[in-house]
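# Coordinates in review
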Amino acid sequence: MTPEILNTAPPLPWASAFRIGWRELRAARAKFLFVILAVAVGVGALTGVRGFSWSFRRMLLKDARTLMAGDLSARIFGLPAAQQQAVLDQLARRGVERTWVTETVTMAAAEHAPDPLLISVKAVDPRAYPFYGEVKLEPPGPLGEALDSHTVAVSNDLIVRLGVKVGDSLRIGGQEFRIVGVVASEPDRMTGTLNVGPRVLITREGLDRTGLITLGSRASERFLFKLPASGTPGVAEVRAILKKAFPEATLADYRETHPIITRGLDRSTTFLSLIGLIALVIGAMGVASAMHGHLQQRLDSIAVMKCVGGRSGQVIRIYVAQTLLLGLGGGLLGVAFGTLVSSAFPSLIARYYPIPAAGGVELWPAAQGIAVACLVTLLFTVPPLLSIRSIRPALIFRRDMEPEAAARRHRTLTAPFSRESRPPLLAGAAILLGTGVVAATLTDGGLKLALRTGFYFTLALTVGVAALAASAWLLLRGVRLLSGRAGARLPGALRHGIANLYRPGNQASAAVVALGVGVMFTLTVFLVQGALLRQIRASAPPGTPNVFLLDIPAEQRQAIADLIRRQDGVERAPDVTGAVAARITSVDGVAIDRLPLRDYGRRFLRTRSVTGLRERPPEMEILRGAWWKPEDHQPLVCVTDEAARILNLKPGSAVDWEIWNRKLHTRVACVERTESLRMSGRFEFLFNTGHLEQFPAIYYGSARVRPNAVAPLQRIMYQRFPTVTVINMADVMQTVEEVVDRISVIVRFISAFTILAGAVMLASSVAGTRFRRMREVVILKTLGATRGRIAGIFSVEFLVLGAVAGVMGSLLASGFAALILRRLMQIEFHFDAVSNLAAVLVAAALATAAGWAACFPILGRKPLEILREE
Amino acid sequence: MDILKGIDLDIPRGQFAAIMGPSGSGKSTLLGLLAGLDSPTKGEIQLDGEEITSLSEDRMALLRGRKIGFVFQSYHLIPTLTAEENVLLPMELAGNGNGGRSRARELLERVGLGARRDHYPVQLSGGEQQRVALARAFALHPPILLADEPTGNLDSATGQVVLDLMLAMNREQGATLVLVTHEESVASCADRRIILQDGLVVSQ
């Protein structure tokens, strides 16, 4: 039989649920502030990290565009046909700007100079070129005003070699040009054609005047494109259009200006999205522990509500509403905090380099942050919310008489992951799934990538939590056994502290899991960033050569090296490598001219410079195969991955050479990649020693010189060794090094931020057990324990907890870091014992300190005061 | 362990029954059963003519909200709600929160705490807290009022004030009152005494 009132029972309207939930929040502001702050730190870390990543990417891409002087470059062989011109005009109508750059090599002479000089002429439209970056002139002035059809700007080495000065006249192709300035830096120096002679910048009209460019002359023609700021058409679309219209052209866009920058960008982007996810978990943990502690204190209120007629559904609704309010509050505060930090970001790192501040709050990421906050808060409150169902009103009613009932009631709510909370296993699965979904949502890129990220993320979290829970269980067993055996012999505080760990109602296993997850993620970030930084640093280590010497005769090697070493401003002694001219005749038995080589690939038909090396240079990475051993006497070569791709070479492939009219048969030993700027990185083929020594060689050198000392060096080199060409890459290297520095600073900064957030979370997860501590303090005090003794007991307990969480967390962190580095970033991983040990110590110290901070205020109070507050 | 052993008890509408007995005799358990806070292993309980032993937890909660007012020994006000909001809560849970505010104020006036309606439980003395609990118990005009040692935590003068107030309100509402107590002075006001010992009714 059903009483009639049950059929007419109205559900609790959401408005009422929110009202009741809100009242509770308002009443205990300080307590809830803690929960809101926990949510806020998590959300702040998330939005902050995402904010940094955005500014960072924007900044790096801007640098990358500068190195190309445009968004896209198309190197063409021959002038565009009518149809191709139509495509270019069509793009121009869509807002794609373009400028035409021609580079060629010719001779120049000056009135007083004894000999003419081989120069590298670059004809540009100074009104458009460069789209990004700037051509710096000495005396300073805009390129557009300085250059006209009768003037040129020249590099410093031309000034040195021809003995001219600004204002003098220069004769190119029989025409006179006035020198208006010295080119101090040129943004796309590195992406242009390799410049053999001093640079001369000239206008298109000026170049036409020289009559150097006629049909069939050897000039390199290049179009630079600048895409509209609106973002459409995008770089991929324009690239595809150009690829179709100019099938033979070599296309490059700003994402691939320089291997160091491309790889740096890729790896740091991967790293940053990883950090974003980790910030999410750390934040979620904070939310979970705060909400758990919060609901635990609401047990009595819930029981009372049930006594006065509240149904489980109604009570759950009230607390869902309250959770949402907390999530919303934390989300808003977190987004504000994150926005603040990311807009303060430019000034934080202004010491290293200036970047313009991002304008205002970006709505979409902010909304995303708040939604994530609410969702995560709700997800992590599912287990305690569900256990509201099992709170029986009778328990409170009887509490005064039946203490064991109260104890039972306190066990009904346990931490989300503890062994005792078996019913919320399903809820646990929901949490993992939900976090995975959030992780997937936050992943930039396609659906497939998002799903994969979500999946791996969930998997990592599951494995981590399971391993931690298992080890916590083992620990408690072990400790119990130990204290059972040696119990009586241990000092009192130690015995009690250890006994505290497995006492019923203690959440030791939950605390180990929470702390361990925190240590795991924080240390993972630390280890990954360390390896990433080492890798990035190694690609452009301090002292990377920035001056290159070409065509050094064998007999002058020593003299040149000595001369350079004596110069001011030389930071690194010159490094001289001999090169032998060699030509490939066949690959795997197929004659080279029968191979389908196109465009730039046709260079392999001609003579190439090759060199011999005994040891593998430290910055070289072997992609396939292995470097040779000293006892390998048969001729072996190691090839760059680009050459290997074009010629379809793999370890074991046979390559036949013709060197100074002699045949040499070699096998490919390895495929390598060298990202740093070294002489060895400029050879596509490296031979093992003992095979090239018999041939005449030309020597190349490289040195590290302070940028302002390059000009004097060029001058003295020219006076003493006029046949040696000195190439000044100082300005380009400076840009590359700056980018590398930026990447390092940002990676370090964001990691530090995440690690700090992690530490705060660790502390708060321990502090979250404050409520439980209160009861213990009261009971111990009532039984006559002194404050010192209680403090001792707690210290032992926290130390053991922290140490176990630290050991497990750091082991897991090493595992995950290895996985991330090897799989996602292709960086080698080495176990770092010092960091692991430090993590254990820090976890133990942090657990103790946080436990202390939480318990200290209670220690000084009278037992009755606390009992009354309950 | 059997706490109550074969009790056959009938409390008619409008009666004031006092349950007495030594500690552990099963007084509070009996009260809990009457309120549907627990279910008996055997037997049947009828409340206001309705069989309640087979009702689910949620249905019981609903029934409690409509039919039973509670007064506890340790008040059990919700610490984060003000006096008025504590009184309002049962009405809101029952779905008539809007009209409830004036009723809540009226009840607080009735227990003499009209001026203190915005105070939180910690800001009230024990006697005041118990008076708020009284107002809450009567919020939904329950036909039945259950009280578990309502004066047990109060000094005798305050206890007397609370008891008098409870009896007066009970008369005004015409509710059935079942009260668990240790105190002879409280029991002496009752229409009927039920004395428990070792889970059995020894006198009624």
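Residues numbered from 1 in each chain as written. Chains lettered and ligands numbered in written order. Predicted model: local features only at pLDDT ≥ 70, side-chain atom pairs only at ≥ 80, totals over all residues.

### Concerning the overall build of chain A
What counts is decided by this rule: A run of DSSP states H or I qualifies as a helix once it reaches four residues; a run of E qualifies as a strand once it reaches two. Both are numbered from the N-terminal end. Labels follow a simple rule on C-beta atoms placed from the backbone: if 20 or more others lie within 10 Å of a residue's own, it is buried; if 12 or fewer, it is exposed; otherwise it is partly exposed.
The helix and strand inventory of chain A stands at 27 helices and 21 strands. Going through the 870 residues of chain A one by one, you find that 45% of them count as buried.

### A few points about the overall build of chain B
Formally: Contact definition: two residues whose C-beta atoms, as placed from backbone geometry, lie within 7 Å.
Looking only at helices and strands, chain B has seven helices and eight strands in total. The long-range share in chain B, meaning contacts at least 24 apart out of those at least 6 apart in sequence, stands at 70%.

### Let's talk about unusual backbone geometry
Geometrically, the link from A:Tyr129 to A:Pro130 is a cis peptide bond, its omega value of -10 degrees lying close to zero. Along the chain, the position of A:Pro130 falls in the loop between strand S3 (117-124) and strand S4 (136-138). The amide bond that connects A:Glu138 to the next residue, A:Pro139, takes the cis arrangement and shows omega of 0 degrees. Looking at the secondary structure, you find A:Pro139 in the loop between S4 and helix H5 (143-146). With phi around 55 degrees, A:Asn648 is a residue other than glycine that occupies positive phi space. With respect to the element layout, A:Asn648 can be found in the loop between helix H21 (641-647) and strand S17 (654-659). Positive phi is not limited to glycine here, since B:Asp48 has a value of about 50 degrees.

### A short note on the pairing of S17(A)
Using the following cut-off: Strand pairing is defined by DSSP finding a minimum of two bridges between the two strands.
Of the pairings in the sheet, the one linking strand S12 (residues 570-587) of chain A to S17(A) comprises four bridges and is antiparallel in character. Pairing of A:Ser586 across the sheet is with A:Asp656, part of S17(A).

### Describing the packing of helix H4 (residues 82-93) of chain A against helix H8 (residues 235-245) of chain A
For any two helices packed against each other, the geometry is given by the interaxial angle and the distance between the axes. Residue and element names in this part refer to chain A. Inclusion rule: Fitted lines through C-alpha atoms serve as axes, helices being fitted only where they are in contact, and the angles separating the N-to-C directions of these axes extend from 0 to 180 degrees. Orientation categories follow fixed angle ranges, with anything under 35 degrees roughly parallel, anything over 145 roughly antiparallel, 65 to 115 roughly perpendicular, and all other angles oblique. By the definition used in this description, the sense in which the near helix is turned from the far one sets the handedness, with an anticlockwise turn below a right angle giving left-handed and a clockwise turn giving right-handed. Any residue that is not Ala, Val, Leu, Ile, Met, Phe, Trp, Tyr, Cys, Pro, Asp, Glu, Lys or Arg is counted as polar, Gly included; the first ten are nonpolar and the last four charged.
Viewed as axis vectors pointing N to C, H4 and H8 meet at an angle of 165 degrees, and their least axial separation amounts to 10 Å. Between H4 and H8, the crossing angle belongs to the class labelled roughly antiparallel. Pair H4 / H8 crosses with right-handed handedness. Between H4 and H8, the contacting residues are Gln 84, Val 87 and Leu 91 on the first element and Val 238, Ile 241 and Ala 245 on the second. Residues of the contact of H4 with H8, tallied by class, amount to five nonpolar, one polar and no charged.

### Concerning the nonpolar core
As a reminder, the rule being used: A set of buried residues qualifies as a nonpolar core if it consists of Ala, Val, Leu, Ile, Met, Phe, Trp, Tyr and Cys joined through C-beta atoms within 7 Å.
Counting 158 residues, the largest nonpolar core has A:Val512, A:Ala843 and B:Ile19 as the members making the most contacts within it. With 19 residues, the top contributor of residues to this core is helix H25 (residues 787-824) of chain A. Dropping the residues within four chain positions of it, B:Ile19 is found in contact with B:Lys27, B:Leu30, B:Leu31, B:Val178, B:Leu179, B:Val180, B:Ile194 and B:Leu196. By size, the runner-up hydrophobic cluster in this structure holds 50 residues, among which are A:Ala69, A:Leu72, A:Phe131 and A:Leu147.

### Notes on the sheet that holds strand S7 (residues 192-197) of chain B
Residue and element names in this part refer to chain B. In space, the six strands of this open sheet follow the order S4-S5-S6-S1-S7-S8, with mixed pairing throughout. The open sheet terminates on both sides in strands that have one partner only, identified here as strand S4 (68-71) and strand S8 (200-203). When the angles between neighbouring strand axes are averaged without regard to direction, this sheet yields 25 degrees. Strand direction decides the pairing type here: S4 and strand S5 (residues 144-148), joined by four bridges, are parallel. Residue pairing in the sheet places Val 71 in a bridge with Ala 147 of S5. Relative to the sheet, helix H1 (residues 27-34) contacts strand S1 (16-20), S5, strand S6 (176-180) and S7, its axis offset from that of S6 by approximately 150 degrees.

### Brief notes about the confidence of the model for chain B
Short version of the rule: A score between 0 and 100, pLDDT records how confident the predictor is in each residue.
Overall, the prediction assigns chain B a mean pLDDT of 85, with 98% of residues at 70 or greater. Across the predicted assembly, pTM comes out at 0.62 and ipTM at 0.82.

### Thoughts on the packing of helix H3 (residues 83-93) of chain B against helix H5 (residues 126-137) of chain B
Residues and elements named next belong to chain B. The N-to-C vectors of H3 and H5 enclose an angle of 25 degrees; their axes lie 8 Å apart at closest approach. Judged by the angle between their axes, H3 and H5 are roughly parallel. As for how H3 packs across H5, the hand of that crossing is right-handed. Seen from H3, the contacting residues are Ala 83, Asn 86, Val 87 and Pro 90; seen from H5, they are Val 132, Ala 135 and Arg 136.

### Things to note about the confidence of the model for chain A
Do not read the predicted coordinates in detail wherever pLDDT is low. Residues and elements named next belong to chain A. Mean pLDDT over chain A: 77, with 74% of residues reaching 70 or higher. This model gives residues 1-7 a pLDDT under 50, and the stretch forms eight contacts once residues within four places in sequence are excluded. Low confidence marks residues 399-423, where pLDDT is under 50. Its contacts with residues over four positions away, or in another chain, come to 48 contacts.

### Section: the environment of A:Thr689
Residue and element names in this part refer to chain A. The topology assignment puts Thr 689 in the loop between strand S19 (685-687) and strand S20 (698-705). As for Thr 689 and Gly 612, which are separated by 77 residues in sequence, their C-alpha atoms are 5.4 Å apart. Apart from the residues lying within four places of it in its own chain, the contact partners of Thr 689 are Gly 612 and Arg 614.

### Description of the environment of B:Glu109
All names here are of chain B. On the secondary structure map, Glu 109 appears in helix H4 (residues 97-110). With 13 C-beta atoms packed within 10 Å, Glu 109 lands in the partly exposed category. Spatially, the C-alpha atom of Glu 109 lies 9.2 Å from that of Ala 135, the residues being 26 residues apart in sequence.

### A look at the environment of A:Arg204
Residues and elements named next belong to chain A. For Arg 204, the location among the structural elements is in helix H7 (residues 204-210). In sequence terms Arg 204 and Thr 102 are 102 residues apart; their C-alpha atoms lie 8.3 Å from each other. If sequence neighbours within four positions are ignored, Arg 204 has contacts with Ala 123 and Asp 125.

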